[in-house]
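Below are the chains, spelled out letter by letter.
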Amino acid sequence: MRPDGAPAAGAAIPERRRLAGQPRRLREATLQYVGVLTVLLILIVLFSILQPQFHTWTNLLNILQTNAVLMIVSVGLTFVLLVGGFDLSIGGVLALSGVFIAELLRHGVGTIGSMLVVLVGGILLGIVFNGYPISRLGANFFMVTLGVSFATRGVALVITNGESKGLYDHKLLRDIGNGGVGEFGYLIFISLGILLAGTLVTRYTGYGRMIYAVGGNSEAARLAGINVVWIRISAYAISAGLAAFAGFLEAGRLAAAAPDTDTGIEFTAAAAVLLGGTSFVGGVGTMFGTFLGVLFLGVLQNGLIIESISVYWQGVITGAVLFASVLIDRFRRGRMA
């Protein structure tokens, strides 16, 4: 420090370097989402031209409302992918959660009590049947989570005998799934709240830094004193817990519970998370990217429905657009490299 209070020349160099690096980091953070944002904007412009009612406030809220459950399970799956894993049991846990909600309500348990039971049950399932065998015993995460997916769907089929259970008489549950404040549905608040919580945890907590460390280089993380096993187990617990909670919300939204609820949602969530820039090998990704991925799929699906595209062609178009988005993203990453 010089006598006049100005920093010495040597001390000013690190400060200049820090300030000079800020535009570069901002540019890299922005470029991370260029691929999905480019195609998303193209879709919005295209559907807005074809269907004027597409770019209305009401339709935007409808997209957020109908994709709230997908948003929640995608946040959970992001945690698992960040530690270098994968979870195929999301859909089964969600369906079994809804069936348990119906059974608990039928036996006189309150709505909130039923929610807490399935939430705790989902977390325990994620720890015992997914996290522990994969993280501690070294089992293959595809085989373990696929087996849990089959098992949970199977248990739901046994409990319901393959039939749907109506929940229309449970007003609080229906209000949570379909009610709201003004034009904003409760599901929008809940899903965005969970997304915000996931963002805060991954970006601003020591636990979040440990997740990235484990996913980026598990051996280096272990040598640094991080309990790699329990970090991975906790990620599977979060994923299963959010899937169970999503099952509760979906039961309220549909006013019914069935063993085949949201079949294939685990693959849709995986598409959203990977589309948002999360690496399949771990250590790279953000919750904001997951939000963009979910919004992308929601906009695409909504636009195709408004356009009255045949359900058979919707899958073809969705796959083609996803493929194009991935190509754009890979091209962009290659240019950056």
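Relevant structure appears above.
A brief structural summary. Fair warning: this is a prediction, and the values are worked out from it, not measured in the lab.

1. Digging into the overall build of the protein
Okay, step 1: Within the protein, the secondary structure is distributed over 15 helices and four strands.
Okay, step 2: Across the 337 residues of the protein, 46% fall into the buried class.
Okay, step 3: Considering only contacts in the protein between residues 6 or more positions apart, those separated by 24 or more positions represent 77%.

2. Examining the pattern of salt bridges
Okay, step 1: Tallying each qualifying case throughout the model produces four salt bridges.
Okay, step 2: Note that Asp-175 is salt-bridged to Lys-171, the shortest N-O span being 2.7 Å. In this pair, Asp-175 and Lys-171 are both assigned in helix α8 (residues 171–178), four residues apart and thus about one turn of the helix distant.

3. A few points about the nonpolar core
Okay, step 1: Judged by nonpolar contacts, the single largest core of 77 residues is most densely connected at Leu-43, Val-73, Phe-248, Phe-296 and Val-299.
Okay, step 2: With residues up to four places along the chain from it excluded, the contact list for Leu-43 reads Phe-296, Val-299, Leu-300 and Val-321.

4. Considering the layout of surface pockets
Where empty space is left becomes clear once a probe the size of a water molecule has been rolled over the atoms.
Okay, step 1: Roughly 600 Å³ of internal volume is contained in the largest pocket.
Okay, step 2: Around the largest pocket sit 26 residues that line it, and Asn-67, Leu-70, Thr-268, Leu-297 and Gln-301 are the ones nearest its centre.
Okay, step 3: Going through the elements one at a time, α3 (57–66), α4 (68–82), α12 (228–254), α13 (265–275), α14 (287–306) and α15 (311–336) are the ones with two or more residues in the lining of the largest pocket.
Okay, step 4: Tallied by class, the residues present in the lining of the largest pocket amount to 10 nonpolar, 13 polar and three charged.

5. Some points on the environment of Leu-61
Okay, step 1: You can see Leu-61 is positioned in helix α3.
Okay, step 2: Residue classification places Leu-61 among the buried residues on the basis of a relative accessible area of 6%.
Okay, step 3: In this structure, the C-alpha to C-alpha distance between Leu-61 and Glu-183, residues 122 residues apart in sequence, is 7.6 Å.
Okay, step 4: Leave out the neighbours within four places in its chain, and Leu-61 touches Glu-183, Phe-184 and Ile-188.

6. Digging into the packing of aromatic side chains
Okay, step 1: By the definition in use, this model includes nine aromatic pairs.
Okay, step 2: Here Phe-184 and Phe-189 contribute two aromatic rings whose centre-to-centre distance is 5.9 Å and whose plane-to-plane angle is 40°, an arrangement assigned as tilted.
Okay, step 3: Classification of Phe-184 by relative accessible area gives partly exposed; the value is 31%.
Okay, step 4: Ring pairing ties together the aromatic residues Phe-86, Phe-141, Phe-142 and Phe-280, which thus form one cluster.
Okay, step 5: Across the ring face of Tyr-168, the terminal group of Arg-174 is positioned such that the distance to the ring centre comes to 4.2 Å.

7. Topic: the packing of α4 against α14
Describing two packed helices takes the angle between their axes plus the distance from one axis to the other.
Okay, step 1: Where α4 contacts α14, the axes come no closer than 10 Å and their chain directions differ by 140°. Here α14 runs oblique to α4, going by the angle between their axes. For the element pair α4 and α14, the recorded crossing hand is right-handed. Across the interface between the two elements, Leu-70, Met-71, Ser-74, Val-75, Thr-78 and Phe-79 of α4 pack against Met-287, Thr-290, Phe-291 and Val-294 of α14.
Okay, step 2: Residues belonging to the contact of α4 with α14 are distributed by class as follows: seven nonpolar, three polar and no charged.

8. Remarks on unusual backbone geometry
The general pattern is negative phi for most residues beyond glycine and trans for most peptide bonds.
Okay, step 1: Its identity as a non-glycine residue notwithstanding, Ala-255 has a phi of 55°, on the positive side.
Okay, step 2: Of note, Ala-255 is situated in the loop between α12 and β4 (256–257).

9. Observations regarding the environment of Ile-231
Okay, step 1: Along the polypeptide, Ile-231 turns up in helix α12.
Okay, step 2: Aside from chain neighbours lying at most four places away, what touches Ile-231 is Val-83, Tyr-207, Met-210, Ile-211, Val-214 and Ile-226.

10. Here we look at empty space enclosed by the protein
Okay, step 1: Evaluated as defined, the whole model comprises two cavities of 30 Å³ or more.
Okay, step 2: By volume, the largest cavity is sized at about 60 Å³.
Okay, step 3: Forming the walls of the largest cavity are Ile-63, Leu-64, Asn-67, Ala-68, Met-71, Ile-188, Ser-191, Leu-192, Val-294 and Leu-295.
Okay, step 4: Here the residues of the lining of the largest cavity are counted per class, giving eight nonpolar, two polar and no charged.
Okay, step 5: Of the voids in this model, the second largest cavity is the one considered here, and its volume is about 40 Å³.
Okay, step 6: The wall of the second largest cavity is formed by Leu-94, Ala-95, Gly-98, Val-99, Gly-247, Glu-250, Ala-251, Ala-256, Ala-257, Ala-258 and Thr-261.
Okay, step 7: The element that contributes the greatest number of residues to the lining of the second largest cavity is helix α5 (residues 90–106), accounting for four residues.
Okay, step 8: Residues of the lining of the second largest cavity, tallied by class, amount to seven nonpolar, three polar and one charged.

Cut-offs and rules
- Residues numbered from 1 in each chain as written.
- Predicted model: local features only at pLDDT ≥ 70, side-chain atom pairs only at ≥ 80, totals over all residues.
- Heavy atoms only, no water.
- Helix = DSSP H or I, 4+ residues; strand = E, 2+ residues; numbered from the N terminus.
- Buried < 20%, exposed > 50% of the residue type's maximum accessible area, 1.4 Å probe, protein only.
- Contact = heavy atoms within 4.5 Å.
- Salt bridge = Lys/Arg side-chain N within 4 Å of Asp/Glu carboxyl O.
- Core = buried A, V, L, I, M, F, W, Y, C linked by side-chain atoms within 4.5 Å.
- 1 Å grid on protein atoms, 1.4 Å probe; cavity = no way out; pocket = protein on both sides within 12 Å on 5 of 7 lines; lining within 4 Å.
- Points joined across faces, edges and corners; volume = space filled by probe spheres on them.
- Nonpolar A, V, L, I, M, F, W, Y, C, P; charged D, E, K, R; others polar.
- Phe/Tyr/Trp six-rings, centres within 6.5 Å; stacked < 30°, edge-to-face > 60°.
- Lys NZ or Arg CZ within 6 Å of the ring centre and 35° of its normal.
- Axes fitted to C-alpha atoms, helices over the stretch in contact; angles between N-to-C directions.
- Parallel < 35°, antiparallel > 145°, perpendicular 65-115°, else oblique.
- Left-handed = near helix turned anticlockwise from the far one by under 90°.

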